[in-house]
Amino acid sequence: QVQLVESGGGLVQAGGSLRLSCVASGRTSSVNAMAWFRQGPEKEREFVALISKSGYITYSNSVKGRFTISRNNAANTVDLQMDSLKPEDTARYYCAAGDTALVLTTHYGYDYWGQGTQVTVSS
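Attention in this report is confined to the structure presented alongside it. (Residues numbered from 1 in each chain as written. Predicted model: local features only at pLDDT ≥ 70, side-chain atom pairs only at ≥ 80, totals over all residues. Heavy atoms only, no water.)

### Here we look at the overall build of the chain
For step 1, the next point in the chain: Secondary structure summary: the chain contains zero helices and 11 strands in total.
For step 2, the next point in the chain: Mapped from its N terminus to its C terminus, the chain presents α and β elements in the order β-β-β-β-β-β-β-β-β-β-β.
For step 3, the next point in the chain: For 123 residues, the compact-globule estimate of 2.2 N^0.38 gives 14 Å, and the C-alpha radius of gyration of the chain, at 13 Å, lies within 12% of that figure.
For step 4, the next point in the chain: Each principal axis of the C-alpha atoms in the chain carries an extent, and together these give about 40 × 25 × 25 Å.
For step 5, the next point in the chain: Here the chain holds 123 residues, and 45% of them are scored as buried.
For step 6, the next point in the chain: Across the chain, every contact between residues at least 6 apart in sequence was considered, and the portion connecting residues at least 24 apart equals 58%.
For step 7, the next point in the chain: Within the structure as shown, the chain displays about 6,300 Å² of accessible surface, and the carbon and sulfur contribution to it stands at 47%. (Helix = DSSP H or I, 4+ residues; strand = E, 2+ residues; numbered from the N terminus. Rg over C-alpha atoms; globule rule 2.2 N^0.38 Å. Buried < 20%, exposed > 50% of the residue type's maximum accessible area, 1.4 Å probe, protein only. Contact = heavy atoms within 4.5 Å. Areas by Shrake-Rupley, 256 points an atom, 1.4 Å probe, with all protein chains shown as cover.)

### Thoughts on the nonpolar core
For step 1, the next point in the chain: By size, the foremost hydrophobic cluster in this structure holds 28 residues, and its most contacted members are Leu-4, Met-34, Trp-36, Leu-80, Met-82 and Tyr-93.
For step 2, the next point in the chain: Counting seven residues, the second largest nonpolar core, distinct from the first, contains Ala-33, Ala-35, Phe-37 and Tyr-110. (Core = buried A, V, L, I, M, F, W, Y, C linked by side-chain atoms within 4.5 Å.)

### Description of the packing of aromatic side chains
For step 1, the next point in the chain: Applying the stated rule across the entire model yields four aromatic pairs.
For step 2, the next point in the chain: Geometrically, the ring pair formed by Phe-37 and Tyr-110 is edge-to-face, given 5.4 Å between the ring centres and 75° between the ring planes. With a gap of 73 residues between them, Phe-37 in strand E4 (residues 34-39) and Tyr-110 in the loop between strand E9 (91-97) and strand E10 (112-113) connect regions that are remote in the sequence.
For step 3, the next point in the chain: Residue class for Phe-37 comes out buried when judged on its relative accessible area of 1%.
For step 4, the next point in the chain: Members of the aromatic cluster, joined through ring pairs, are Phe-37, Phe-47, Tyr-110 and Trp-113. (Phe/Tyr/Trp six-rings, centres within 6.5 Å; stacked < 30°, edge-to-face > 60°.)

### Side note on the pattern of salt bridges
For step 1, the next point in the chain: One pass over the full model with this rule turns up four salt bridges.
For step 2, the next point in the chain: Between Arg-19 and Asp-79 there is a salt bridge, with the nearest N and O atoms lying 3.1 Å from each other. With Arg-19 in strand E3 (residues 18-26) and Asp-79 in strand E8 (residues 77-82), this pair connects stretches of sequence that are 60 residues apart.
For step 3, the next point in the chain: Classification of Arg-19 as partly exposed rests on a relative accessible area of 43%.
For step 4, the next point in the chain: A salt bridge links Arg-38 to Asp-89; the nearest nitrogen and oxygen atoms lie 2.9 Å apart. Of this pair, Arg-38 sits in strand E4 while Asp-89 sits in the loop between E8 and E9, placing them 51 residues apart in sequence. Accessibility classification places Arg-38 together with Asp-89 in one group, the buried group.
For step 5, the next point in the chain: Residues joined in a network through salt bridges with shared partners are Arg-38, Glu-46, Arg-66 and Asp-89. (Salt bridge = Lys/Arg side-chain N within 4 Å of Asp/Glu carboxyl O.)

### Looking at the sheet that holds strand E7 (residues 67-72)
For step 1, the next point in the chain: What the four strands build is an open sheet, ordered E1-E3-E8-E7; its pairing is antiparallel. On the outer flanks of this sheet lie strand E1 (2-7) and E7, each paired with one strand and no other. Looking at each pair of strands side by side, their axes are set apart by 15° on average, direction ignored.
For step 2, the next point in the chain: Looking at chain direction, E1 and E3 are connected through six bridges and run antiparallel. Bridge pairing links Leu-4 to Ala-24 in E3. (Pairing = 2+ DSSP bridges. Axes fitted to C-alpha atoms, helices over the stretch in contact; angles between N-to-C directions.)

So, in structure tokens, the structure goes:
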């Protein structure tokens, strides 16, 4: 079992920055990919970014060039640096972790989820 706790959300003006953090605990040795998803009002949960244990990274097109995901395997943490934020980035952001050897951009590929942290970007 793996537990995930997100932090760092808040209210920010368009063009500003936030840094989200996710701390994993429990049986973290089984985790390969860690990812960030987000879900806005009346929207399905969507992929934001992932990073594998080996360091492979991919981003959704909507955040590419603005967000940066990083991981500290020893500390079992994953961060998401969000720059040039837009109102459409407003959502609850969730940290996810998966045991599979595959790196997936769908929420079906992840076994563990945090409770989320709210990000609101005002115009």
